[in-house]
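# Descriptive analysis of the structure
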Amino acid sequence: MRPPHPEIVIPAKAGTHGATASQVEKWVPAFAGMTLFVWLSMAIPAVVAAAEMPPPGASSCSGCHPASTSVQTPVARLVGRPAAEIVTALQDFRAGQRPATVMERIARGFSEAEIAAIAAWYATQPD
Ligand code: HEC
């Protein structure tokens, strides 16, 4: 809807079209500061996350193996267990040498290197 008198400028809104030179001078440093802030806020968590990121596949384990001691479950917890223990268990599951309902099939889905990475990651997670 067009105002009845387009030539009448409402004082409160006067000057909002187009930035004056002084406004531009204020915006340039503000934009630079904002860019730095956005960059830092993305870069810092990325560095922190890189150290704690689970290796591929590790997060799929926690659907059945709980990370928290508060969860009552018959499925063993993996966090804080020696890496060698996890690796051996998975190798035995894969070879069909350890009784399993689901782990035999799950263990077959991972390579030696993936298992080693997952086991090492779980071993270092706080219990
Ligand atoms: C679908 C649920 C499920 C998923 C997903 C799963 N597990 Fe298991 N895990 C089990 C069950 C159940 C057992 C007990 C053996 C069995 O019945 O297969 C087990 C046993 C184990 C054991 C032996 C624990 C012990 O103390 O005897 C290890 C080690 C293990 N899993 C590691 C893993 C790893 C590593 C992953 C992710 C790559 C994983 N599991 C994903 C359900 C699961």
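Each chain carries its own residue numbering, running from 1 in the direction its sequence is written. Where totals are concerned, whole chains, interfaces and linings use all residues; where local detail is concerned, this predicted model gives features only for residues with pLDDT of at least 70, and gives and counts side-chain atom pairs only at 80 or more.

What follows is about the site of the ligand. Each residue receives a C-beta atom placed from its backbone. It is near a molecule or strand if this atom lies within 6 Å of it. Near the ligand lie 19 residues; those nearest to it are Cys61, Cys64, Ala100, Thr101 and Met103. The helix count covers DSSP runs of H or I at least four residues long, the strand count covers runs of E at least two residues long, and both are numbered beginning at the N terminus. For the shell around the ligand, the elements supplying multiple residues, two or more each, are helix 2 (58–61), helix 3 (83–94) and helix 4 (103–108). Here the shell around the ligand takes 3 residues from helix 3, the largest share from any one element. Here the shell around the ligand is composed, by residue class, of 14 nonpolar, 5 polar and no charged. Amino acids outside the nonpolar list (Ala, Val, Leu, Ile, Met, Phe, Trp, Tyr, Cys, Pro) and the charged list (Asp, Glu, Lys, Arg) are all regarded as polar, and Gly is one of them.

This paragraph deals with the environment of Ala119. Looking at where Ala119 falls in the secondary structure, it is placed in helix 5 (residues 112–124). Put simply, Ala119 and Pro55 are 64 residues apart on the chain and 9.5 Å apart in space, counted from C-alpha to C-alpha. The contact rule is simple: place each C-beta atom from the backbone, and if two of them lie within 7 Å, those residues are in contact. Ignoring any residue separated from it by four or fewer positions in sequence, one finds Ala119 in contact with Ala83, Ile86 and Val87.

What follows covers the confidence of the model for the protein. Here the protein averages 80 in pLDDT, while 59% of its residues score no lower than 70. For every residue, the pLDDT score states the predictor's confidence, bounded by 0 at the bottom and 100 at the top. When pLDDT is averaged over each element of the protein, helix 3 comes out on top at 98 and helix 1 (residues 21–52) at the bottom at 60.

Moving on, we come to helix 5. Helix length check: helix 5, at 13 residues, gives a terminal C-alpha distance of 19 Å against a target of 18 Å (1.5 Å per residue), a fit within 8%. Any residue surrounded by 20 or more other C-beta atoms within 10 Å of its C-beta is treated as buried, while 12 or fewer makes it exposed and the intermediate range makes it partly exposed; C-beta atoms here are placed from the backbone. Among the residues of helix 5, Ile115, Ile118, Ala119, Trp121 and Tyr122 are the ones counted as buried. Viewed end-on, helix 5 has its buried residues packed into an arc of 165°, placing them on one side of the element. The exposed set on the far side of helix 5, more than 90 degrees from its buried face, consists of Glu112, Ala113 and Thr124. Given a helix with a known number of residues, its expected span is that number minus one, times 1.5 Å. In this context, the arc is that of the directions from the helix axis out to the C-beta atoms.

Moving on: the packing of helix 3 against helix 5. Comment: axis = line fitted to C-alpha atoms, over the contacting stretch for helices; angle = value between 0 and 180 degrees taken between N-to-C directions. Contact geometry of helix 3 with helix 5 gives a least axis separation of 8 Å together with a crossing angle of 140°. Considering their axes alone, helix 3 and helix 5 lie oblique with respect to each other. Helix 3 and helix 5 meet at a crossing whose hand is right-handed. In this structure, helix 3 uses Ala83, Ile86, Val87 and Leu90 to contact helix 5, whose residues at the interface are Ile115, Ala116, Ala119, Ala120, Tyr122 and Ala123. Residues belonging to the contact of helix 3 with helix 5 are distributed by class as follows: 10 nonpolar, no polar and no charged. Here the angle decides the label: under 35 degrees means roughly parallel, over 145 means roughly antiparallel, 65 to 115 means roughly perpendicular, and every other value means oblique. Definitions for this section: a left-handed crossing has its near helix turned counterclockwise from the far helix by less than a right angle. A right-handed crossing has that turn clockwise.

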